Amino acid sequence: MTAPNSLRLDPALAALNAAAEETRLRLLALLSQSELTVSEVVTILGQSQPRVSRHLKLLVEAGLVERRREGAWAFFRLSPSGQAGAMARDIAAWLDPKDAVLAEDQARLDDVRQARAENAARYFAAHAAEWDDIRSLHVPETRVEDAMREAVGDAPVRTLLDLGAGAGRMLELFAPLAERAIGVDLSTAMLAVARGRMEETGLRNVQLRQGDIYALPIERNSIDLAIMHQVLHYLDDPARALREAARVLAPGGRLLVVDFAPHQEEALRDKHAHRRLGFSESEIADLLAQAGLETVMHRALSPAAGEGAKLTVSLWLARDPRMIADPIPASSYETA
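Residues numbered from 1 in each chain as written. Predicted model: local features only at pLDDT ≥ 70, side-chain atom pairs only at ≥ 80, totals over all residues. Heavy atoms only, no water.

## Re the overall build of the protein
Counting its regular elements, the protein contains twelve helices and ten strands. Taking all 336 residues of the protein together, 47% fall into the buried category. Long-range contacts, defined here as pairs at least 24 residues apart, represent 68% of the contacts in the protein between residues at least 6 apart. Carbon together with sulfur atoms contributes 54% to the accessible area of the protein, which is approximately 16,400 Å² in total. (Helix = DSSP H or I, 4+ residues; strand = E, 2+ residues; numbered from the N terminus. Buried < 20%, exposed > 50% of the residue type's maximum accessible area, 1.4 Å probe, protein only. Contact = heavy atoms within 4.5 Å. Areas by Shrake-Rupley, 256 points an atom, 1.4 Å probe, with all protein chains shown as cover.)

Written out as structure tokens, the structure reads:
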């Protein structure tokens, strides 16, 4: 007869067996600090791609490491949850960073991070004129970001979501408030820039995911604060995007939408692929209501004296009306 505890012990034994090898311990140490691709691991460890892939496969199968696809690339990191994930973090913490082999790995990891930051810097330099062109048309970015901080407040949140993360500026601003932050963008190129920015700023609580804003790779009822900054004007179906954002909000969760007020700058359509020339206060409020959210704040940032004929930027803060105490049907839960 099988002992009652054997079912609980088997996964733990499998995880320990998977970790009990030098290369795999080195991998756990690396992945505890940064999300890495196979090619990056190959560079750091100085081992062949087939060998690295085999070690990563064993760690994934044991639940110690999570594999995530992003276009043609695969990223690996320690499993963020579950007993195996906790065990992986404990094992990584036990390892001595002063060990000669681990210290060399750390130095090469620092080189990989530096390369990411330099790639991001090159991208910013190449696109600086384009972004400056757009920024020059609306009220100063500092005013917008100050208004966003005021709307969000400084109370800590459990899980933050940046919808259309782009280069990662919103994550840079608001991830420090969160226990966990997720940035979603459809563009792998922009995610690469954001990843470099996160390395440069030292934010370690951020996970970046490739995904469609209309079908977010996020579980239902899981997000406490979602931000949609200058995204809606690119979309052909803003209502659908807001419904999808509402789907992932936890009871009492908040959604901050920032976009242009109605304007006549047709050049933004021609040069920068804007589908919509801004949104009225009532239009977004109606779409939020259709998504099941309550608008609790609207603010229009109009050009101040001396700022010239700048575009007005509007902020809407909405809330999921369910109380945290309300029961959530089991059928509503989803897994990413």
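Read on, since the account is not over.
## What to know about the sheet that holds strand β6 (residues 206-210)
With respect to topology, seven strands assemble into an open sheet ordered β6-β5-β4-β7-β8-β10-β9, the strand pairing being mixed. What marks the edges here is a single partner per strand, and that holds for β6 and β9 (294-301). Ignoring which end each strand starts from, the neighbouring axes of this sheet average 15° apart. Examined bridge by bridge, strand β5 (residues 178-185) and β6 share five bridges and lie parallel to one another. Looking at the pairing, Ile182 lines up with Gln207 of β6. Along the sheet face, helix α7 (residues 141-152) touches β7 (223-229), β8 (249-260), β9 and β10 (313-319) and points at about 165° away from the line of β8. The strands touched by helix α10 (residues 238-248) are β4 (157-163), β7 and β8; relative to β8, the strand with the most contacts, the crossing angle is about 150°. (Pairing = 2+ DSSP bridges. Axes fitted to C-alpha atoms, helices over the stretch in contact; angles between N-to-C directions.)

## So, the layout of surface pockets
The computed volume of the second largest pocket comes to approximately 590 Å³. Lining the second largest pocket are 22 residues, and of these Glu35, Arg77, Arg204, Asn205 and Val206 sit closest to its centre. Listed by contribution, the elements that provide at least two residues to the lining of the second largest pocket are β3 (73-78), β5, α9 (188-201) and β6. A per-class count over the lining of the second largest pocket returns seven nonpolar, six polar and nine charged. (1 Å grid on protein atoms, 1.4 Å probe; cavity = no way out; pocket = protein on both sides within 12 Å on 5 of 7 lines; lining within 4 Å. Points joined across faces, edges and corners; volume = space filled by probe spheres on them. Nonpolar A, V, L, I, M, F, W, Y, C, P; charged D, E, K, R; others polar.)

## Focus: the packing of aromatic side chains
For the structure on display, the rule yields zero aromatic pairs. Across from the ring centre of Phe75, 4.0 Å away, lies the NZ or CZ of Arg195, which sits over that ring. (Phe/Tyr/Trp six-rings, centres within 6.5 Å; stacked < 30°, edge-to-face > 60°. Lys NZ or Arg CZ within 6 Å of the ring centre and 35° of its normal.)

## Digging into the packing of helix α2 (residues 22-31) against helix α3 (residues 38-45)
The interhelical angle for the contact between α2 and α3, taken along N-to-C directions, is 115°, at an axis separation of 12 Å. Handedness of the α2/α3 crossing: right-handed. Residues Thr23, Arg26, Leu27 and Leu30 of α2 pack against Val41, Ile44 and Leu45 of α3. A breakdown of the residues in the contact of α2 with α3 according to their chemical character gives five nonpolar, one polar and one charged. (Left-handed = near helix turned anticlockwise from the far one by under 90°.)

## Topic: the nonpolar core
Grouped together as the largest cluster of nonpolar side chains are 33 residues, with contacts concentrated most on Met148, Leu160, Leu171, Phe174, Val206, Ile227 and Leu256. Residue contributions to this core peak at five residues, all from α7. When near neighbours in sequence (up to four residues on either side) are disregarded, Phe174 contacts Met148, Arg149, Val152, Leu160 and Ile227. Core analysis: the next-biggest nonpolar cluster, separate from the first, contains 31 residues, Ile182, Leu255, Phe279 and Leu293 among them. (Core = buried A, V, L, I, M, F, W, Y, C linked by side-chain atoms within 4.5 Å.)

## Observations concerning unusual backbone geometry
Even without being glycine, Asn221 reaches a positive phi, approximately 60°. With respect to the secondary-structure elements, Asn221 resides in the loop between β6 and β7. Asn221 sits in the buried class, given a relative accessible area of 12%. Here the phi dihedral of Gln230 falls at roughly 50°; this positive angle occurs in a residue that is not glycine. With respect to the helices and strands, the residue Gln230 is situated in the loop between β7 and α10.

## A few points about α9
The terminal C-alpha atoms of α9, which comprises 14 residues, lie 20 Å apart, in line with the 20 Å expected from a rise of 1.5 Å per residue. When α9 is considered as a whole, its buried residues turn out to be Met190, Leu191, Val193, Ala194, Arg195, Gly196, Arg197, Met198 and Glu199. Put simply, Ser187 is the residue that caps the front of α9, since its side-chain oxygen is 3.3 Å from the backbone nitrogen of Ala189. Positioned one or two residues after α9, Gly202 has a phi angle of 80°, which is positive. (Expected span 1.5 Å × (residues − 1). Polar contact = N/O pair within 3.5 Å; in protein donor to acceptor, adjacent residues only side chain to side chain.)

Limitation: the analysis is restricted to geometry and does not speak to function.
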